[in-house]
Amino acid sequence: MSTRYLFTSESVTEGHPDKVCDQISDAILDAILAQDPKGRVAAECAVSTGLVLVTGEITANANIDYQKLVRSVIEEIGYAGEHGGGFDANSCAVLTAINKQSPDISSGVTKALEHRNEGSSEKEDEIGAGDQGMMFGYACDETPELMPLPISVAHRIARRLSEVRHEGTLAYLRPDGKTQVTVEYDGDKPVRIDSIVISTQHDPEIDGVSSNEEIQKRIATDLKAYVIQPVFQDLNVKPDDETRYLINPSGRFVIGGPHGDAGLTGRKIIVDTYGGYARHGGGAFSGKDPTKVDRSAAYAVRWVAKNIVGAGIASRCEVQIAYAIGVARPVSVHVTTFGTGKIADEKITDIVKEVFDLRPAAIIRALKLNELPKERGGHFFRKTAAYGHFGRTDIDAPWERLDKVDALKKHLPKAVGAK
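Model, not experiment: these values are computed from the prediction.

Overview of the environment of Ile363
Right, on to step 1. Structurally, the position occupied by Ile363 is in helix α10 (residues 360-367).
Right, on to step 2. Residues in contact with Ile363, not counting those within four places in the same chain, are Ser296, Ala297, Ala300, Tyr323, Asp357, Leu358, Lys368 and Leu369.

Thoughts on the sheet that holds strand β7 (residues 189-202)
Right, on to step 1. With respect to topology, 4 strands assemble into an open sheet ordered β1-β6-β7-β8, the strand pairing being mixed. In this open sheet, the two strands that pair with only one neighbour each are β1 (4-12) and β8 (239-247). Between one strand axis and the next, the sheet turns through 20 degrees on average, direction left out of account.
Right, on to step 2. As paired strands, β7 and β8 are joined by 5 bridges and run parallel to one another. In the strand pairing of β8, Ser195 is matched with Arg244.
Right, on to step 3. Helix-sheet contacts for helix α5 (residues 212-228) involve β7 and β8, and the interaxial angle to β7 is about 130 degrees.

Looking at the pairing of strand β6 (residues 173-186)
Across a regular strand the side chains alternate sides, sitting on one face of the sheet and then on the other.
Right, on to step 1. With 11 of 14 residues buried, β6 is to be regarded as a mostly interior element.
Right, on to step 2. Note that β1 and β6 share 9 bridges and pair antiparallel. Across the sheet, Glu10 pairs through a bridge with Gln180, a residue of β6.
Right, on to step 3. Pairing analysis gives 11 bridges linking β6 to β7, with the strands arranged antiparallel.

Regarding the pattern of salt bridges
Right, on to step 1. Under the criterion given, the structure shown has 32 salt bridges.
Right, on to step 2. A salt bridge links Lys19 to Asp22; the shortest N-O distance between them is 2.8 Å. Of this pair, Lys19 and Asp22 both sit in helix α1 (residues 17-35), 3 residues apart, which is roughly one turn of that helix. As far as burial versus exposure is concerned, Lys19 and Asp22 are alike and both buried.
Right, on to step 3. Several salt bridges converge on common partners, so that one network encompasses Arg4, Glu184, Asp186, Arg192, Asp194, Asp240 and Arg244.

Conventions adopted
Residues numbered from 1 in each chain as written. Predicted model: local features only at pLDDT ≥ 70, side-chain atom pairs only at ≥ 80, totals over all residues. Heavy atoms only, no water. Helix = DSSP H or I, 4+ residues; strand = E, 2+ residues; numbered from the N terminus. Contact = heavy atoms within 4.5 Å. Pairing = 2+ DSSP bridges. Axes fitted to C-alpha atoms, helices over the stretch in contact; angles between N-to-C directions. Buried < 20%, exposed > 50% of the residue type's maximum accessible area, 1.4 Å probe, protein only. Salt bridge = Lys/Arg side-chain N within 4 Å of Asp/Glu carboxyl O.

Any link to function would need more than the numbers given here.
Set out below in structure tokens:
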């Protein structure tokens, strides 16, 4: 007996105040790792009307002009001049309050002794986890990028909002915006798009028209044509005649961004991951260097889950991992496939432990996390700070590669692996 239900996920644009903070924090991380790949970074940011505060703990052999960097990020997002809507890259105050990493944390992270069997004398000089905690990775076969459909579509619409603004196609749009997509499921399968909600900041006038009623009609018409329709081209599930569109449902949205609402780094952790479709360990990503397992291990278990689904071992997969601060080897690894696995979850977990080395130093080496900013011209992690860290097809994220599919298949029983 099938069960029909609705599931909703949201995304936000690069101009959302929380995402402004995430991008500033990750721009700082990029700049430091480009100069010092071993730098330790925990950069936090807060924004409000006319104010940016950068704080956190940073220990690195790098020379960063924080004022210049922060202002360039804000300007590139679009908060400058008349389109800034009350928040301007050139006039906002930029305050910095940055300390060095705690030596207690540093000593535990830099050298960690593995948990080992009783009586073993084996020691390994490895990076220990930068904190305790648990992380989740997820993948499913609902979209080409192996992400849940609701968050995938929400991100696509949010990203398209920014594209048409930057391209000048819809030049009256301003940087702040939110999207929300509700999908109807029949059992585990998405079958239709129930509703699409978009709230987008805009100029007070469009082509000389100042009537709010006319402006909202114009925005709704333009967004359906230039933003919504293009994102469904490669998806099997598309809007139908009964799909509801709620565009700027509260009406006028001129005041937005940091002028309309304060923002903080790390406040959009569900947007950053799976839109609530999978569990979350609670840790944020932006501004953290790869020794922080909140970030690097979350990337690693997405890598694991995606390769499991990519290998055809399951159609849905969630991976949990947990660490103790200063200890390299995970305290636990658990795989669940929600009844879709071709072999038992316990066996898949054992295979994962054979194929993937999930110690922090091994993750950093395998995914080249410390090297990415320098390899990409000083910019990589900032690109992850808006439109999700997972399912990205535009930034060649190493954790999105299906490079362990063959290795996983080799460990399957012959009867399963041959399928």
